[in-house]
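# Descriptive structure summary
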Amino acid sequence: MDGLALGVVFVVLTVAVYLACRRLAFWVNHPLLNVVAVSAGVIIAVLVACDLPYAAYAPAREAMTTLLGPATVALAVPLYRHRRLLRSHGLAILASVGAGALLAMVSAGLAASLGGLPREVVVSILPKGVSIPFAVEISRIYDGIPALSAAFVVATGTLGSLFGAWLLNRSGIDHPVARGLALGTVSHAQGTATALLEGEEQGAMAGLAMILAGVFTAGFAPLVVRLLGLL
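Starting from 1, residues in each chain are numbered consecutively following that chain's sequence as written. Selection of residues for local features in this predicted model requires a pLDDT of at least 70, selection of side-chain atom pairs for listing and counting requires 80 or more, and totals for whole chains, interfaces and linings are taken over all residues. No hydrogens and no water enter the side-chain calculation; it runs on all heavy atoms of the structure.

Named according to an unreviewed UniProt entry, the protein is LrgB-like protein originating from Solidesulfovibrio magneticus. UniProt positions are given in the numbering used here, feature names are shortened, and annotations may be inferred rather than shown by experiment. Word for word, the UniProt comment on the protein under Subcellular location (unreviewed entry) is "Membrane".

Let's shift gears to the overall build of the protein. Think of it this way: any DSSP run of H or I at least four residues long counts as a helix, any run of E at least two long counts as a strand, and we number them from the N terminus. Within the protein one finds 11 helices and 0 strands. For 231 residues, the compact-globule estimate of 2.2 N^0.38 gives 17 Å, and the protein sits close to it at 19 Å. C-alpha extents for the protein along the principal axes are approximately 55 × 45 × 30 Å. Across the 231 residues in the protein, those meeting the buried criterion constitute 40%. Here the analysis covers contacts within the protein between residues at least 6 apart in sequence; of these, 65% occur between residues at least 24 apart. In short, Shrake-Rupley with a 1.4 Å probe defines the accessible areas, and a residue's cover is counted only from the protein chains shown. If you sum the accessible surface of the protein, you get close to 12300 Å²; carbon and sulfur atoms cover 72% of it. Here the protein holds 13 positive side-chain charges and 10 negative ones, and the gap between their average locations is 10 Å. Within these notes, the globule rule equals 2.2 Å times the number of residues to the 0.38 power, and the radius of gyration is based on C-alpha atoms. For each residue, the accessible area found with a 1.4 Å probe, counting protein chains only, is set against the maximum for its type, and the residue is called buried under 20%, exposed over 50%, and partly exposed in between. Throughout, a residue-residue contact means that at least one pair of heavy atoms, one from each residue, lies within 4.5 Å. Within this scheme the basic residues Lys and Arg register as positive and the acidic residues Asp and Glu register as negative, but His and the chain ends are omitted. Lysine's charge is taken at NZ, arginine's at CZ, aspartate's at CG and glutamate's at CD.

The UniProt record annotates "transmembrane region" (unreviewed entry) at residues 6–25, 32–57, 63–80, 92–114, 147–168 and 203–225. A distance of 28 Å separates the end C-alpha atoms of residues 6–25, which is 100% helix and 0% strand. Counted over residues 203–225, helix gives 100% and strand 0%. Its end C-alpha atoms are 31 Å apart.

Here the focus is the pattern of salt bridges. Each reported salt bridge corresponds to a side-chain nitrogen of Lys or Arg within 4 Å of a carboxyl oxygen of Asp or Glu. What the rule picks out here adds up to 2 salt bridges. For Glu-137, the salt bridge identified is with Arg-140, shortest N-O distance 2.7 Å. Of the two residues, Glu-137 and Arg-140 both sit in helix α8 (residues 132–141), 3 residues apart, roughly one turn of that helix. A relative accessible area of 44% means that Arg-140 is categorised as partly exposed. Note that Glu-198 is salt-bridged to Arg-179, the shortest N-O span being 2.7 Å. On the basis of relative accessible area, Glu-198 is assigned to the partly exposed category, the value being 31%.

To continue, consider empty space enclosed by the protein. Any empty space left between atoms is shown by rolling a water-sized probe over those atoms. A cavity, in this analysis, means grid points on a 1 Å lattice covering only the protein atoms where a 1.4 Å probe fits yet has no way out; a pocket is instead an open set bounded by protein on both sides within 12 Å along at least five of seven lines, and a residue lines either one if it has an atom within 4 Å of a point. Grid points are joined across faces, edges and corners, and a volume is the space filled by probe spheres set on the points. Applying the stated criterion across every chain yields a total of 1 cavity of 30 Å³ or more. There is about 40 Å³ of room inside the largest cavity. Along the walls of the largest cavity sit Ala-101, Ala-104, Met-105, Leu-126, Pro-127, Lys-128, Gly-129, Thr-185 and Thr-217, which together make up its complete lining. By residue number, the principal contributor to the lining of the largest cavity is helix α6 (residues 83–114), which donates 3 residues. Ten residues, namely Ala, Val, Leu, Ile, Met, Phe, Trp, Tyr, Cys and Pro, are considered nonpolar, four, namely Asp, Glu, Lys and Arg, are considered charged, and the remaining ones, Gly among them, are considered polar. Classifying every residue of the lining of the largest cavity by side-chain character gives 5 nonpolar, 3 polar and 1 charged.

Time to look at the environment of Ser-124. The topology assignment puts Ser-124 in helix α7 (residues 119–125). Owing to a relative accessible area of 0%, Ser-124 belongs among the buried residues under this scheme. In this structure, the C-alpha to C-alpha distance between Ser-124 and Gly-109, residues 15 residues apart in sequence, is 9.0 Å.

Of all hydrophobic cores here, the largest spans 15 residues; its most connected members are Leu-126, Tyr-142, Val-224 and Leu-230. Looking at this core, the elements that each hand over two or more residues are α6, α7 and α11 (200–227). Broken down by element, the residue count for this core peaks at 4 residues, all from α6. Beyond its immediate stretch of four places on either side in the chain, Tyr-142 contacts Arg-119, Val-123, Ala-221, Pro-222 and Val-225. Among the nonpolar cores identified, the runner-up in size contains 14 residues, and Ile-93, Leu-181, Leu-208 and Ala-213 belong to it. The set of buried Ala, Val, Leu, Ile, Met, Phe, Trp, Tyr and Cys residues whose side-chain atoms join them within 4.5 Å is what this entry labels a nonpolar core.

Given below as C-alpha cells:
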C-alpha cells in the first residue's frame, strides 16, 4: 500500500476511533476516560500491532493538522453567539485569565528551578499552559528549547483534559463561564475540546481563554523570566 492510500486509511481510522471513544466517554462518564488520550492510545496500539513506524502515520497527521487553523477560527462562532457573556463578564474574564496565566508560569518555573533543572529547561516549561505556536516562540526568544516546550504543552493539555473537569466537579464549580475559562486557560486546545463536550457556552469561553492566555503569557514572560533570575 502506497503512502497516500495508507494516509487515507489512517485518517478514516482516526476519525472512527475518535467518534467511538467519544460515544464511550459519554456512556461511561469517567474523568479518566478522556477522548483525546484514549484515541491517541488506540492509534499508537494499532501502529505497534501492525509493526508500522510513526512515519507511516505522518501523511494522515499532516492532512488533519491542516484543519487546525479552520477549527480554531470556527471557535469564533460559539463565541459570537454568546457575546453577551463578554459584555457582562468582560472584566472578570480578563482578570481571571491573566491571573491564571501568570500563576501557571510562576508555579512551573519555581518548581523547575527548585528541582535543580538547567536554565534552558526552566525557560522551556514556562509557557506550558498555552498553545504550541505561542509556547515555541516564547521559548525561542528566551533561549529555551522549542521542541521541549512543545512536549510540555502536549503533556499539560493531556493532563488538563484528563483531570480538569473532574477537579472542577470536586471543587463544586459548575458555572459554565467559570468552567470554560478554567479549562481554556490551563490546558489550551485540549481543554477547549473538553469544554466543548460539556456545552457550547463552556466551549466558547474556553476558546476565548485559550487565546487570551497566549497573549497574557507572552506579555508576562519578560517579567517572569526576570523574577526567576533567568536572564
